[in-house]
Each structure stands twice: as C-alpha cells, then as structure tokens.
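Summary of structural features
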Amino acid sequence: MMTATMTSSAVLATKRAMAATDRRRKWKAFALISPLAIFLLAIFIIPISMLLHRAVDNPEVIQQLPRTLTALENWRGESTPGADCYAALMEDLLQAKDRSGTGSLARRLNYEIAGYRSLIFKTIRHLPFDTDHALGSNEIKGRMLDIDKRWGEPEYWQAIANNKSSYSSYYLLASLDLKKEPDGSIARVPPATSAFLEIFRRTFAISAIVTLLTLALGFPLAYWIASLPKRKANLVMIFILIPFWTSILVRIAAWIVLLQRQGLVNKTLMGLGATDTPVELLFNRTGVYIAMTHILLPFMILPLYSVMQSVPSTYQRAAVSLGSHPFSAFWRVYVPQTYPGIGAGTLLVFIIAVGYYITPALLGGADDQMISYYVAYFTNQTINWGMASALGFLLLVGTLLLYFLYRRLSGRELGLG
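Notes on the structure in this doc start here. (Residues numbered from 1 in each chain as written. Predicted model: local features only at pLDDT ≥ 70, side-chain atom pairs only at ≥ 80, totals over all residues. Heavy atoms only, no water.)

**Quick notes on the overall build of the chain**
The cut-off we apply is this: A run of H or I in DSSP becomes a helix once it reaches four residues, and a run of E becomes a strand once it reaches two; helices and strands are each numbered from the N terminus. The buried label goes to any residue with under 20% of its type's maximum accessible area, the exposed label to any with over 50%, and the partly exposed label to all in between, with areas taken from a 1.4 Å probe on protein chains only. To be clear on the numbers: accessible area is Shrake-Rupley with a 1.4 Å probe, and residue cover counts the displayed protein chains and nothing else. Only four residue types enter the tally: Lys and Arg on the positive side, Asp and Glu on the negative side; His and the chain ends are excluded. For charged residues, the charge sits on one atom: NZ in Lys, CZ in Arg, CG in Asp, CD in Glu.
In terms of regular secondary structure, the chain is built from 20 helices and two strands. When each of the 417 residues of the chain is scored for burial, the buried share is 37%. Summing over all exposed atoms, the chain offers an accessible surface of approximately 24300 Å²; the carbon and sulfur share of this is 64%. The centroid of the 39 positive side-chain charges in the chain is displaced by 21 Å from the centroid of its 26 negative side-chain charges.

**Some remarks on the packing of helix α11 (residues 230-241) against helix α14 (residues 285-308)**
Rules: Helix axes are fitted to C-alpha atoms over the stretch in contact, other axes to C-alpha atoms as well, and angles between N-to-C directions run from 0 to 180 degrees. These descriptions rest on fixed angle ranges, namely under 35 degrees for roughly parallel, over 145 for roughly antiparallel, 65 to 115 for roughly perpendicular, and the rest for oblique. It is the rotation of the near helix from the far one that decides the hand of a crossing: anticlockwise by less than a right angle makes it left-handed, clockwise makes it right-handed. Pairs of residues are marked as contacts when any of their non-hydrogen atoms sit within 4.5 Å. Residue polarity follows a fixed list, in which Ala, Val, Leu, Ile, Met, Phe, Trp, Tyr, Cys and Pro are nonpolar, Asp, Glu, Lys and Arg are charged, and the others, Gly among them, are polar.
Where α11 meets α14, the axes come as close as 10 Å, and the angle between the chain directions of the two elements is 155°. Compared by their axis directions, α11 and α14 come out roughly antiparallel. For the pair α11 and α14, the crossing hand works out as left-handed. Between α11 and α14, the residues in contact are Lys230, Ala233, Met237, Ile240 and Leu241 and Pro298, Ile301, Leu302 and Tyr305, respectively. A breakdown of the residues in the contact of α11 with α14 according to their chemical character gives eight nonpolar, no polar and one charged.

**A short note on the packing of aromatic side chains**
The condition is simple: Two aromatic rings from Phe, Tyr or Trp, using only the six-membered ring of Trp, form a pair when their centres are within 6.5 Å; if the ring planes differ by under 30 degrees the pair is stacked, by over 60 it is edge-to-face, and anything between is tilted. Here, over-ring charges are defined by two tests on the NZ atom of lysine or the CZ atom of arginine: distance to the ring centre within 6 Å, and angle to the ring normal within 35 degrees.
Taken as a whole and judged by the stated rule, the model has 18 aromatic pairs. The interplanar angle of 15° and the centroid separation of 5.6 Å between the aromatic rings of Phe330 and Tyr334 together place this pair among those described as stacked. Taken together, the residues span about one helical turn, with Phe330 and Tyr334 both in helix α16 (residues 326-334) at a distance of four residues. Grouping residues by exposure puts Phe330 and Tyr334 together as buried. Taking 5.3 Å as the distance between ring centres and 70° as the angle between the ring planes, the aromatic pair formed by Tyr377 and Phe378 counts as edge-to-face. The class of Tyr377 is partly exposed, set by a relative accessible area of 29%. Among the aromatic side chains, those forming a connected cluster through ring pairs are Tyr86, Tyr116, Trp151, Tyr156 and Trp157. Directly above the ring of Tyr170 sits Arg108, whose terminal nitrogen or CZ lies 4.5 Å from the centroid.

**Observations regarding α16**
Threshold: Note that the arc is computed from the directions linking the helix axis to the C-beta atoms.
Taken together, the buried positions of α16 are occupied by Ala329, Phe330 and Tyr334. Burial along α16 is one-sided: seen end-on, the buried residues are contained in an arc of 100°. Residues of α16 that are exposed and angled more than 90 degrees away from the buried face: Phe327, Trp331 and Arg332.

**Observations regarding the pattern of salt bridges**
The criterion, for reference: Put simply, a salt bridge is a Lys or Arg side-chain nitrogen that is within 4 Å of an Asp or Glu carboxyl oxygen.
Counting across every chain of the model gives ten salt bridges. A salt bridge links Lys26 to Asp22, with the shortest nitrogen-to-oxygen separation between them at 3.5 Å. Remark: Asp22 and Lys26 occur in helix α1 (residues 2-56); sequence separation between them is four residues, near one turn of the helix. Relative accessible area serves as the criterion here: at 54%, Lys26 is assigned to the exposed category. On the accessibility criterion, Asp22 (25% relative accessible area) is partly exposed. Residue Glu91 is joined to Arg67 by a salt bridge in which the shortest nitrogen-to-oxygen separation is 3.4 Å. Of this pair, Glu91 sits in helix α4 (residues 83-98) while Arg67 sits in helix α3 (residues 66-71), and the two are 24 residues apart along the sequence. Relative accessible area serves as the criterion here: at 39%, Glu91 is assigned to the partly exposed category. Assessed through its relative accessible area of 33%, Arg67 is described here as partly exposed. Via salt bridges that share partners, Asp22, Arg25 and Lys26 belong to a single interconnected network.

**Topic: the environment of Leu40**
Turning to its location among the elements, Leu40 is positioned in helix α1. You can call Leu40 partly exposed: its relative accessible area is 41%. Residues Leu40 and Leu297, spaced 257 residues apart in sequence, show a C-alpha to C-alpha distance of 27 Å.

As structure tokens, this is what we get:
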C-alpha cells in the first residue's frame with residue numbers, strides 16, 4: 001500500500017513538473033513573438049481599423065446641425081419642411097459660425113449636392129439677421145428664402161436629414177459608383193459621373209499585365225541562373241539586386257530619358273529601320289508597363305530562383321532517357337515543380353503593383369492613373385479623408401479576395417500544397 005501511495009505521489013509530482021515546464025515554454029514563446037505581435041498591431045491592425053472607421057465616419061452634420069436634425073425627425077421629405085426647421089437651422093449655423101465649423105459642414109454637404117458649399121457660406125454671411133425684435137419662425141423662414149430660393153427645395157433638406165447618423169455608407173457606396181436614394185434604396189450614379197469602378201478595373205488590369213510580363217521575363221532568366229554554377233549564379237543575382245539599391249524616382253527619371261521622343265530607345269528603333277518616326281512611349285500605358293515591369297522584375301525572379309535551385313536536374317534527364325521529348329520533359333516534369341515559386345512571385349508582384357502611385361503618375365497619361373493616385377488626390381488636395389479611406393479599404397478588400405482565391409486555386413485549402 002505504501003509503495004502504491006509513493007508511486008501515485010511521484011506520478012502527481014511528475015505531472016506538476018511537466019505542467020510547469022509547459023507553462024514556462026509557452027511564456028517564453030509568447031515573449032519571443034510579442035515584439036512581432038506589437039509591431040503588427042501598431043503598423044497593420046490599428047491603421048486598418050482607423051482606415052475602416054474613416055470610411056464610415058460621418059460626424060460633420062450631426063455635430064454642427066443637431067437642432068435641425070431634431071426638427072426634421074417628423075419631416076417626410078415630400079415638401080418644404082416647417083418653419084421650426086428654418087429657425088433650428090439658423091441657430092445651428094450661428095453656432096457653427098462661432099465654432100468655425102462651417103467649413104467641414106459645407107464640404108460634407110457639397111458631396112451630397114454640388115453647390116451646397118456656396119449655399120452654406122452665402123447664408124452664413126447674412127447671419128445674424130439685422131432686426132430690432134426677435135423673429136418668429138415664419139419670419140426666419142421668409143428671410144432664409146430671401147437669401148436663397150434653394151432653401152425652399154426639399155432635396156437640400158433631404159441631404160441634411162440623410163446624415164442623422166454618426167456613421168454613413170456614403171463614401172463606400174460612392175467608391176463603387178453607387179448612391180443612396182431618398183427612400184433608402186441603393187442606385188447606380190449616372191454614367192457621366194461614374195468613374196471609380198473603371199479606375200478599379202484599370203488598376204487590376206495594369207497590375208495583372210505587369211505581373212504576366214514579369215513572369216514571362218523572369219521565368220527564363222531564373223531558369224538560366226539556376227543552371228549556372230553557384231559562383232556565377234551569385235554574381236548574376238548581385239546584378240539583379242542592384243536596382244534595389246537605387247531610388248525608384250531615379251529609375252523612373254532614367255526611363256523618362258530613355259523613352260522620350262529623342263531618347264535612346266527611339267533612336268535605336270529608327271536606326272534599325274523599325275520605324276521612320278519616333279514612337280510615343282511616354283505619358284501613355286506603354287511607358288507605365290515598361291517601367292513597372294523593370295522595377296518589379298526582381299520580385300518575380302527571387303522566389304522563382306529560390307524554388308528552381310532546389311529542383312534536381314536529374315528529373316528532366318530521367319524523363320528524356322525514358323523517351324520523353326525534351327520540351328515535354330521540361331513542361332510536364334520541371335515546370336510543375338516551380339509552381340510554388342510562380343505562385344509566390346505572381347502574388348508578390350501583383351500586390352505591390354496594385355498600390356503603385358509614382359510610376360503611373362510620372363510616366364502615364366490621364367487615363368493611366370491607378371487607384372492610389374486618387375487616394376493621394378483625396379488625401380492631399382480635396383482633404384476628403386472619408387473618400388480616400390473608402391478607396392483604400394476597397395483596394396485592400398479586393399487584394400485580400402484575390403489572395404484567398406490564389407490560396408484556393410493553389411490547392412492549399414485542400415491540403416495539396
């Protein structure tokens with residue numbers, strides 16, 4: 001009995017020791033990954049959360065026109081609101097004027113209806129009304145209509161009433177060329193004012209073509225490097241990596257010199273007799289493709305080479321010795337083993353390409369700008385952070401969807417990768 005008790009105590013002590021060791025191991029692992037977790041939280045999760053918040057944040061109207069929104073609660077939007085709404089609007093505009101909040105208010109309402117900004121500032125200039133006695137609601141309504149007849153049109157009041165929430169889908173809908181009708185339904189904006197869907201299509205189309213060009217150029221180059229002796233392969237890789245040590249702006253400036261009408265490329269083509277007149281290679285899609293392919297080519301070569309150098313060359317020779325044609329042996333034996341490198345390279349190049357801004361801005365024309373150009377435009381010029389955040393968020397969502405599609409097509413979700 002005593003021996004059994006001692007054995008049980010020893011087993012219990014062993015379990016406790018193993019549990020303590022396991023806890024220490026987990027804490028050590030947590031301590032090791034915590035810097036990376038904090039880093040990702042600071043530069044990825046928090047900015048993305050702020051981006052999403054900016055895309056739906058709608059504080060201007062609810063902060064500057066609280067009385068007006070309260071007065072409009074029972075208004076059905078079918079005709080001009082009651083006189084009490086005009087009195088509430090006058091009080092709100094007076095306070096917004098004192099708080100210097102009219103700029104943000106006018107800018108936000110101008111997104112809803114073009115010309116609303118001028119209406120707000122025109123009204124502000126006439127406030128407060130010059131009178132010796134307190135004005136009634138009907139008198140205030142009359143004076144507001146005297147300032148501008150647009151205050152008698154229901155759509156201008158509807159624009160205020162539609163912004164009664166602190167959060168709005170306006171920016172996200174506008175980024176998809178959609179709008180919310182007064183009855184709450186979603187409709188497509190008129191063709192003359194729709195642009196963002198076409199810009200998104202252009203962004204993904206340019207990125208896809210650049211990805212295919214880098215793959216077409218990078219695959220044979222990586223295959224050749226992988227077939228070289230180690231010392232020569234390292235030397236070639238150094239030359240491929242040299243562009244990483246050069247500023248992108250410097251490389252773009254070099255392409256401007258090379259591709260201009262009197263540049264080296266055109267002189268070479270004319271000297272070879274390929275063309276009689278200079279070819280337009282700048283400020284169009286061609287220049288964008290050339291420069292982006294050059295800049296992103298190393299990002300395709302590196303993952304391809306890392307995979308290819310691990311593929312034994314004996315596989316192809318074995319296939320040929322068994323009667324296969326050399327090209328068939330290459331296509332059916334060698335290429336499938338490089339799929340991980342192809343997938344990694346195309347994914348890396350495409351994700352980098354969709355966010356390009358400088359290259360299309362300097363080498364492309366008006367119809368060659370990608371979505372990042374408009375994110376910068378709304379951020380720096382119109383100061384429309386909501387629209388910039390919505391465009392950036394949709395670009396991120398599109399990229400993530402393509403990434404998950406790649407994961408699915410690559411077979412990793414099925415356990416084949």
